[in-house]
Amino acid sequence: MTHITDELVRRAAPVTDEQVEALDLTAAEAELSSAILARTRDAPRRRARVPRRLALPRRRSLRWSLVAVAAAALALAGVSLTRDGGIATGPDRVWAAAALRVADAVPRIAIDAPGWHVERVDTLTVEQGEIAFGGDGLEAELMWLPSGKYQQYLDSNVQDAKEIPDAEEIPDVEVLGTPARAFRSFGSTYNVLWRSGGYMLQLHVQPADFHEPLAPERVLGLLDSLKLVSVDEWLGAMPASLVRPDDVQTTVERMVSDMRLPDGFDVAALADKLSLRDRYQLGAHVAGAVACDWIGRWVRASRSGDERAAADASAALASSHDWSILHEMESEGAYPEVLWEFADAIVGGGEAGQVDEVATHYRQALCDA
Amino acid sequence: MTRRPDERLAHPRFERLFDEHRRAVLGYALRRVADPADAADVVAETFLVAWRRVDTMPDGDAERPWLLGVARRVLANQRRGSVRRHALSQRLARELAVQLPAEETSAARDVVHEALSRLSEQDREVILLSAWEGLTPAQIGGVVGLRGATVRSRLLRARRRLRAHLAALDPGEDPPEIAPQPPTQHPPFMDLAKEHAA
């Protein structure tokens, strides 16, 4: 029942929702949306929250501009703690020199507290990395980047503290004996930034259930449990999902075994020996390379009027629904969905301007993954 | 298991957010500013923040309260004069200026507005979020940073105080007479816009 006082107030609204809906602002709003999307998201990249819906637009027309910002999510790293919180010292030293070089260079930080474990790692390089930990009802992402990025990240957090509801800075924070800046936003998410060696580090902490409150004291306690670990401990704790350098070639060959490859496709070139990748990321790298080759052929054939070649590429892309690695990846992330969206659009065909839309956007969305 | 970070979701999520909530944010702003151009600024700034934070902002039912919470903060900055006119919103501001050239008020509305103006900012905001934005106490909590139970008690108190102000302003009526609501398909300002066009 509407409260009578609320009803009085409602009727006194200068503008009603119905009146706002009736305004003819479509063109101006589309211009505003495009202008905002053209702005770079200079804020720190953090874990994407799991959308309850995939969040694709309801409009039927292909909006490839939506799937921009391609495989930037691929430079992450890993260490694993055992479920009881101890550091799992690795019995095997099968790591290639590249892995040792990385481990020797990067900040090797673990959470030394009961119940914490690594939930996700992706790819590891000397330049940047990220480890997603979980435990105690919290999620914590540790990210490192070259220290030159520190000011940009700090500025972004300071700006958030001004703009976002209930955002604030937590004063007097230290991490591993180093002064740090800590910020709370949305009431329950925290960013802690500090510098160490040639790196800037950020720990992003939030409750596993985003809507739960999270008091600063728990975050400060988590910071106290961070510890530096040795190269052996760190590498030995790598999760099984990280593909060992020695296994990359074989793994890639297995991944492509049920894919129809374009003529002259170089499978061996897919085995990147310079970085460590999690199986999901390697799958995106491989499936993306094959799909992108086919899409490129489809675009060129469509533009030159070579219907046979276009149909051949289209059929190959239709078969992507049978690529087992994509189905394996499906429960973990959206890469397969994005790839299939392009494939289905090509197979469905028919919309005016579609070739140009695909040509403009597929590389950014799918390739070089 | 958590899903992978996926930058590819940023664009589609933002577009959906914009599609679903742009008019709610615009309405929120229009009801709180005198100059529609200021509302255009609020919309632009709010969705710019949303774009920057699209991968971390809450989802589902919490989306709109979060966006309105940002809009509320932007409005507060605007009132302090710390926000300059946003280049992003120029066209939207121009369109709004054409379509909302004037505001029509009635005597009863003036009484209610006067009573509202006598409330504290916090009391006024929870009432307006309930009556104008149609939010639940839990959602209002998401906008103003309070727990739902706290909002409920604050709403009760704010309504009580508002009724007292209304009674003091218009002692002859209890409750004060409210002018019939204009048909939504012909709101007063739209008629004015038509006259301008003619």
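A. Structural context of the overall build of chain A. Across its full length, chain A holds 13 helices and 12 strands. Among the 369 residues that make up chain A, the fraction classed as buried is 56%. In chain A, of all internal contacts separated by at least 6 residues, the share reaching a separation of at least 24 is 67%.

B. Geometry of the packing of aromatic side chains. The full count for this structure, using the stated rule, is 4 aromatic pairs over all chains. Ring geometry for Phe14(B) against Trp51(B): centres 5.6 Å apart, planes inclined by 70 degrees, an arrangement best described as edge-to-face. Here the residue Phe14(B) occupies a position in helix H1 (residues 10–30), and Trp51(B) occupies one in helix H2 (residues 36–52), the gap between them amounting to 37 residues. Relative accessible area serves as the criterion here: at 0%, Phe14(B) is assigned to the buried category. On the basis of relative accessible area, Trp51(B) is assigned to the buried category, the value being 2%. For the ring pair Phe18(B) and Phe47(B), a centre distance of 4.9 Å and an interplane angle of 65 degrees mean the geometry is edge-to-face. Note that Phe18(B) is positioned in helix H1 and Phe47(B) in helix H2, a separation of 29 residues in sequence. By way of ring pairs, the aromatic residues Phe14(B), Phe18(B), Phe47(B) and Trp51(B) are connected into one cluster. A cation over a ring is seen here: Arg297(A) above Trp294(A), with NZ or CZ 5.9 Å from the ring centre.

C. View of the sheet that holds strand S4 (residues 129–135) of chain A. Residue and element names in this part refer to chain A. One open sheet accounts for 7 strands, arranged S2-S4-S5-S9-S8-S7-S6; its pairing is antiparallel. Unpaired on one side and paired on the other, strand S2 (117–121) and strand S6 (168–175) mark the two borders of the sheet. The mean inter-strand angle of the sheet, taken between neighbouring strand axes irrespective of direction, is 25 degrees. Sitting on the sheet, helix H6 (residues 216–224) touches strand S5 (138–146), S6, strand S7 (178–185), strand S8 (189–196) and strand S9 (199–207), and the angle it makes with S6 is about 25 degrees.

D. A look at the pairing of S7(A). Residue and element names in this part refer to chain A. Bridge count between S6 and S7: 6 bridges; the pairing is antiparallel. Bridging across to S7, Glu174 finds its partner in Pro179. Connecting S6 to the antiparallel partner S7 that follows it, the hairpin turn spans 2 residues, and Leu176 within it adopts a positive phi of roughly 50 degrees. Inspection of the sheet shows S7 paired to S8 by 5 bridges, in the antiparallel sense. When the sheet's bridge partners are listed, Arg184 is paired in S8 with Tyr190.

E. Spotlight on the state of the cysteines. All names here are of chain A. This structure, assessed with the given rule, holds 1 disulfide over all chains. What pairs with Cys292 in a disulfide is Cys367, and their sulfur atoms sit 2.0 Å apart. On the sign convention where negative is left-handed, the bridge of Cys292 and Cys367, at about -105 degrees about the S-S bond, is left-handed. Here Cys367 lies in the segment after helix H13 (354–366) and Cys292 lies in helix H9 (residues 279–304), a separation of 75 residues in the sequence. Assigned by exposure class, Cys292 and Cys367 land together as buried.

F. Inspection of helix H4 (residues 90–99) of chain B at higher detail. All names here are of chain B. Looking only at H4, the buried set comprises Leu92, Ala93, Leu96 and Gln99. Down the axis, H4 shows its buried residues gathered within 135 degrees of arc, on one side only. Exposed and facing more than 90 degrees away from the buried side of H4 are Arg94 and Val98.

G. Main features of the side chain of Asp278(A). Residues and elements named next belong to chain A. Within the secondary structure, Asp278 is located in strand S12 (residues 276–278). Asp278 gets classed as buried once you look at its relative accessible area, which sits at 2%. Within the structure, Asp278 has its side chain in polar contact with the backbone nitrogen of Tyr280 (distance 2.7 Å).

H. A look at the nonpolar core. Of all hydrophobic cores here, the largest spans 67 residues; its most connected members are Val9(A), Phe14(B), Leu26(B), Leu30(B), Phe47(B) and Leu96(B). Among the elements that make up this core, the one with the highest residue count is H2(B) (11 residues). Residues within four places of Leu26(B) in sequence aside, it is in contact with Val20(A), Leu23(A), Leu25(A), Ala39(B), Val43(B) and Leu96(B). In terms of nonpolar packing, the next biggest core, distinct from the first, is built from 44 residues, Leu282(A), Met329(A), Trp340(A) and Cys367(A) among them.

I. Seen up close, the side chain of Arg154(B). Looking at where Arg154(B) falls in the secondary structure, it is placed in helix H8 (residues 148–169). Of the buried charged residues, Arg154(B) lacks a salt bridge, with Asp123(B) as the closest side chain of opposite charge at 4.7 Å.

J. H9(A), seen in detail. Residues and elements named next belong to chain A. End to end, H9 covers 37 Å across 26 residues, agreeing with the expected 38 Å (1.5 Å per residue, within 8%). Between a side-chain oxygen at the N-terminus of H9 and the backbone nitrogen of Tyr280 the separation is 2.7 Å; the capping residue is Asp278. Taken from the residues just after H9, Gly305 is the one with a positive phi, measuring 80 degrees.

Rules used throughout
- Residues numbered from 1 in each chain as written.
- Chains lettered and ligands numbered in written order.
- Predicted model: local features only at pLDDT ≥ 70, side-chain atom pairs only at ≥ 80, totals over all residues.
- Heavy atoms only, no water.
- Helix = DSSP H or I, 4+ residues; strand = E, 2+ residues; numbered from the N terminus.
- Buried < 20%, exposed > 50% of the residue type's maximum accessible area, 1.4 Å probe, protein only.
- Contact = heavy atoms within 4.5 Å.
- Phe/Tyr/Trp six-rings, centres within 6.5 Å; stacked < 30°, edge-to-face > 60°.
- Lys NZ or Arg CZ within 6 Å of the ring centre and 35° of its normal.
- Pairing = 2+ DSSP bridges.
- Axes fitted to C-alpha atoms, helices over the stretch in contact; angles between N-to-C directions.
- Disulfide = S-S within 2.5 Å.
- Arc of directions from axis to C-beta.
- Polar contact = N/O pair within 3.5 Å; in protein donor to acceptor, adjacent residues only side chain to side chain.
- Core = buried A, V, L, I, M, F, W, Y, C linked by side-chain atoms within 4.5 Å.
- Lys, Arg positive; Asp, Glu negative; His and termini not counted.
- Salt bridge = Lys/Arg side-chain N within 4 Å of Asp/Glu carboxyl O.
- Expected span 1.5 Å × (residues − 1).

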